[in-house]
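So the chains spell out like this:
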Amino acid sequence: MLNFNVPHIKNSTGEPVWKVLIYDRFGQDIISPLLSVKELRDMGITLHLLLHSDRDPIPDVPAVYFVMPTEENIDRMCQVESVTRVAAKVNI
């Protein structure tokens, strides 16, 4: 999921493709015991944020959402993406 369902992606300089991981509390509870911050960085995650936290737009970086499909979460994703356009590409 964090590598967009393909082998570890690197750009032409050999660096990983940087992305933002956005999760809800449920996603956080799953990811926290499984992956360290270093492991997330190795997978290209430069920033990891809670879905319902305030954040500035990052227009040139793709976002990976790891959330429960609740109405509240979907509303928040639509609100954030339509108002601020948080990321260059969104993966849910």
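Residues numbered from 1 in each chain as written. Predicted model: local features only at pLDDT ≥ 70, side-chain atom pairs only at ≥ 80, totals over all residues. Heavy atoms only, no water.

Looking at an unreviewed UniProt entry, one finds the protein chain named SCFD1 isoform 7, with Pan troglodytes as its source organism. A UniProt comment under Sequence similarities (unreviewed entry) is attached to the protein chain, and it reads "Belongs to the STXBP/unc-18/SEC1 family." (UniProt positions renumbered as here; feature names shortened; annotations may be inferred.)

Trainee: Which residues make up the overall build of the protein chain, and what are the values?
Mentor: Along its length, the protein chain carries 3 helices and 4 strands. Each helix and strand of the protein chain, placed in order from N terminus to C terminus, yields the pattern β-α-α-β-β-α-β. A burial count over the protein chain gives 36% of its 92 residues as buried. Put simply, of all contacts in the protein chain between residues at least 6 apart along the chain, 73% involve residues at least 24 apart. (Helix = DSSP H or I, 4+ residues; strand = E, 2+ residues; numbered from the N terminus. Buried < 20%, exposed > 50% of the residue type's maximum accessible area, 1.4 Å probe, protein only. Contact = heavy atoms within 4.5 Å.)

Trainee: Can you break down the pattern of salt bridges residue by residue, with the values?
Mentor: When charged atoms on two side chains of opposite charge get close, those side chains can pair. The tally for this structure, following the rule as stated, stands at 1 salt bridge. The salt bridge partner of D42 is K38, with a shortest N-O separation of 2.9 Å. With D42 and K38 both in helix α2 (residues 37-42) and 4 residues apart, this pair spans about one turn of that helix. (Salt bridge = Lys/Arg side-chain N within 4 Å of Asp/Glu carboxyl O.)

Trainee: An account of the nonpolar core is needed here, citing residue identities and associated values.
Mentor: Core analysis: the biggest nonpolar cluster contains 10 residues, these being V20, I22, L49, L51, V61, A63, Y65, V67, M77 and V80. Taken together, the elements giving at least two residues each to this core come down to β1 (19-23), β3 (63-66) and α3 (71-84). Residues in contact with V67, not counting those within four places in the same chain, are I22, Y23, D24, L51, N73 and M77. (Core = buried A, V, L, I, M, F, W, Y, C linked by side-chain atoms within 4.5 Å.)

Trainee: Can you break down the pairing of β1 residue by residue, with the values?
Mentor: Summarising burial for β1: 5 of the 5 residues are buried, a large majority. Going residue by residue along β1, you find K19, L21 and Y23 tucked away on one face and V20 and I22 tucked away on the opposite face as well. Examined bridge by bridge, β1 and strand β2 (residues 45-50) share 5 bridges and lie parallel to one another. Within the sheet, the bridge partner assigned to I22 lies in β2 and is L49. (Pairing = 2+ DSSP bridges.)

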